[in-house]
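Observations on the three-dimensional arrangement
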Amino acid sequence: MRSVMKPSLLSHSFRSASACFRSTQRSLTTTTHPPCSRQLPIRSSFPRLQLHQAWRRSYADRISPVTKRRGRGFLRWSWRAFYLSALGGVGYMSYVIYILRTPDDQFNPDPSKKTLVILGTGWGSVSLLKKLDTENYNVVVISPRNFFLFTPLLPSCTTGTIEHRSIMEPIRNILRHKKATVKYYEADATKIDYERKVVHINDESEIKGDTSSTEVPFDMLVVGVGAENATFGIPGVREHSCFLKEVGDAQQIRKRIMDCVETASFKDQSPEERRRLLHMVVVGGGPTGVEFAGELQDFFEQDLKKWIPEITDDFHVTLVEALPNVLPMFSKQLIDYTESTFKEESISIRTKTMVKKVTDKFIEAEFTKPDGTKQLETLPYGLLVWATGNAVRPVVKDLMSQIPAQKDSRRGLSVNEYLVVNGTENIWAVGDCAIANYAPTAQVASQEGAFLARLFNSLAKTETINLELASLSNQQSKAPNPAARNEIFENIKALQKTLRRVKQIGPFEYSHQGSLAYIGSERAVADISWLSGNFASGGTLTYLFWKSAYLNMCFSTRNRVLVCIDWMKARLFGRDVSRE
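Before going into details, it helps to say that this report is about the structure given with it.

Conventions we followed
- Counting restarts for each chain: residues are numbered from 1 in the order of the written sequence.
- The predicted origin of the model limits local features to residues at a pLDDT of at least 70 and limits the giving and counting of side-chain atom pairs to 80 or more, whereas totals for whole chains, interfaces and linings rest on all residues.
- Side-chain measures were taken over the full set of non-hydrogen atoms in the model, leaving aside hydrogen atoms and water.
- What we call a nonpolar core is a set of buried Ala, Val, Leu, Ile, Met, Phe, Trp, Tyr and Cys residues that are connected through their side-chain atoms within 4.5 Å.
- Classification of residues uses two cut-offs on accessible area relative to the type maximum, computed with a 1.4 Å probe and protein chains only: under 20% is buried, over 50% is exposed, and between them is partly exposed.
- With a 1 Å grid spanning the protein atoms alone, the term cavity applies to any set of points in which a 1.4 Å probe fits but cannot get out, the term pocket to an open set with protein on both sides within 12 Å along at least five of seven lines, and the term lining residue to any residue with an atom within 4 Å of a point.
- Grid points are joined across faces, edges and corners, and a volume is the space filled by probe spheres set on the points.
- A run of H or I in DSSP counts as a helix once it spans at least four residues, and a run of E counts as a strand once it spans at least two, with each numbered from the N terminus.
- Note on aromatic pairs: the rings of Phe, Tyr and Trp (six-membered ring only in Trp) are paired at centre separations within 6.5 Å, and the planes decide the class, stacked below 30 degrees, edge-to-face beyond 60, tilted for the rest.
- Inter-axis angles, ranging from 0 to 180 degrees, are taken between N-to-C directions of lines fitted to C-alpha atoms, where helices are fitted over the stretch in contact.
- With the far helix as reference, a near helix turned anticlockwise by less than a right angle produces a left-handed crossing, and one turned clockwise produces a right-handed crossing.
- When checking whether two residues touch, look at their non-hydrogen atoms; a contact exists if any pair is within 4.5 Å.
- Throughout, the ten residues Ala, Val, Leu, Ile, Met, Phe, Trp, Tyr, Cys and Pro are labelled nonpolar, Asp, Glu, Lys and Arg are labelled charged, and all others, Gly among them, are labelled polar.
- A carboxyl oxygen of Asp or Glu within 4 Å of a side-chain nitrogen of Lys or Arg is what we treat as a salt bridge.
- Should DSSP find at least two bridges between two strands, the strands are taken to pair.

**A closer look at the nonpolar core**
- Judged by nonpolar contacts, the single largest core of 122 residues is most densely connected at Leu119, Val223, Leu452 and Phe456.
- Membership of the second largest hydrophobic core comes to 13 residues, among which are Ile234, Phe243, Val281 and Val320.

Written out as structure tokens, the structure reads:
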């Protein structure tokens, strides 16, 4: 007796396909065709197509429902997660903007508390203000500029990649969000009288009031005025060079670039004069000089030669450095990578070249040959950017002359491990005007300011605890019974324990987080401190890291949003080639 078995999936699919094939064959044989079409091989091609489609329909009927449900479920949950994340991000951003736009009411600090005067609104001073508990002091800020400037992105402002206001944070926005009121005076500190404990200030604005100069007394003083550009006594540098420290410098460089380009395109201009006008020279191989050279070459490659093609053959960028290498604070492999990248971008690097004299049309430089001999050469230029060296400001020089312990200091105010100016007890210094055996960088100044904020907060708590201890000691002597004396004694022990913990703040110790530099063509180099060593990288991925790091370092959410918008505008529409 023949056994009957349940057909499998494969046999069932094959029979369905065979039935479809036979029905298609019958329909073809019964169809009337024109005489010419009966001889075509229709039966050999068309049934195979029908067989394949039938097989796919049969397989899909069995398998696809589960797969489709899983696919639809994954897409549905992915969309929900994206939707909720976007909604949460918008809500958080709205909350942050609301907090920034609507500060809380402030109270006036106790007039009997000490007066803390802070000079400058740079990295060190603003980092101090950001973390300082202003209710512990009567805080006064004095600076000729009423904003904080994010200097690492200043080279991008010279070519229009970023607008200058996007990297400026008004100092009033910072001070208004403190718990206690902070006074701000837009003025230059012209003199610090250490004996009398007063700061002489002068209003340098165009509009003058009844008083343009006055004195501000202090109990504690923080000097964070930075440094000015060093010319090393080279003739003509200050008269004919453009510097890159302030917003006005970036605006002047931008105008000078477009002036050189438009003048070079003027009618009947000689070829020699065209080449001179379109030769852009950058003196200084540090991060500022390297980043500006990269930004300038990008501006030419991506925008200038597109809209002004007649300058293509004459535009050239040269980087001049007195040391044997550019970016001396980076590792050897990153230095080699930077130099090879500049060579690809047609940027000339002139190392071991020291500028001796600057005129309005050329510079005289002394070049050291490989054999050690020196040769004097002339470099004509249209734009000269001086991006090297710091010099002491006059107000700092005057203060140094008043303190005998500062007589041997030349580059700024020498400070001890707690950033106290040597020879004083109530003056501290941060940033480029202080000599603390660290490189004069924004990273150092920021950490110094944060350290001083912790120190001042600790000093205020210490003073408050000492006053409470004195009061408790007086109460203990007048306690009516032993139980009350024991309770007061326990409070005294708790306060003394707190006092020991507050006083445990150690000396300032700089923690190097790494170095970053943009080198053009959407490439950057990074030398990052990682665990017990350094991690060095360069290229496009490092450029994305450079952008994200600088974006994270921006002072406020407002700055981050504006910088992102500027980057997107430059990507979509290109940089503006107008003069203003």
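Still to come is the rest of the account.
**Thoughts on the layout of surface pockets**
- The volume enclosed by the second largest pocket comes to roughly 430 Å³.
- What lines the second largest pocket is a set of 17 residues, among which Leu100, Glu169, Asn173, His177 and Ser556 lie closest to the centre.
- For the lining of the second largest pocket, the secondary-structure elements that each account for two or more residues are helix H2 (42–101), helix H5 (171–176) and helix H15 (557–573).

**A look at the packing of aromatic side chains**
- For the coordinates displayed, the defined rule picks out 17 aromatic pairs.
- Relative to Trp546, the ring of Tyr543 has its centre 5.9 Å away and its plane inclined at 20°; by these criteria the two rings are stacked. Of this pair, Tyr543 and Trp546 both sit in helix H14 (residues 540–553), separated by three residues, roughly a single helical turn.
- For Tyr543, a relative accessible area of 10% corresponds to the buried category.
- With relative accessibility at 3%, the residue Trp546 sits in the buried group.

**Notes on the packing of H14 against H15**
- Direction vectors running N to C along H14 and H15 enclose 145°, while the axes themselves pass 9 Å from each other. Between H14 and H15 lies a crossing whose hand is right-handed. Two secondary-structure elements touch here, H14 through Lys547, Leu551 and Asn552 and H15 through Arg560, Val563, Cys564 and Trp567.
- Of the residues contributing to the contact of H14 with H15, the split by class is four nonpolar, one polar and two charged.

**What to know about the pattern of salt bridges**
- As enumerated under the stated definition, the model contains 18 salt bridges in all.
- Salt-bridge contacts for Glu246 lead to Arg145; the nearest nitrogen and oxygen are separated by 2.6 Å. Taken together, the residues span a long stretch of sequence, with Glu246 in the loop between strand S11 (242–243) and helix H7 (247–264) and Arg145 in the loop between strand S2 (138–143) and strand S3 (147–149) at a distance of 101 residues.
- Overall, Arg145 belongs to the buried group, its relative accessible area being 17%.
- Between Lys374 and Glu366 there is a salt bridge, and its shortest N-O distance comes to 3.8 Å.
- Relative accessible area serves as the criterion here: at 58%, Lys374 is assigned to the exposed category.

**A look at the pairing of S2**
- Burial runs high along S2: six of the six residues are buried.
- Both faces of S2 are covered, namely the face carrying Asn138, Val140 and Ile142 and the face carrying Val139, Val141 and Ser143.
- In this structure, strand S1 (residues 115–119) lies alongside S2, joined through five bridges in parallel fashion. Looking across to S2, one finds that Leu119 is bridged to Ile142.
- With four bridges joining them, S2 and strand S5 (residues 183–186) adopt parallel strand pairing. Within S5, the residue paired with Val140 across the bridge is Lys183.

**Let's talk about the sheet that holds strand S17 (residues 374–380)**
- Pairing within the open sheet is antiparallel, and its three strands lie in the order S15-S16-S17. One side of each edge strand has no neighbouring strand; the edge strands of this open sheet are strand S15 (353–358) and S17. Each adjacent strand pair in this sheet contributes to an overall mean axis angle of 30°, direction not counted.
- Examined bridge by bridge, S15 and strand S16 (residues 362–368) share five bridges and lie antiparallel to one another. Considered in S16, the bridge of Met354 is made with Glu366.

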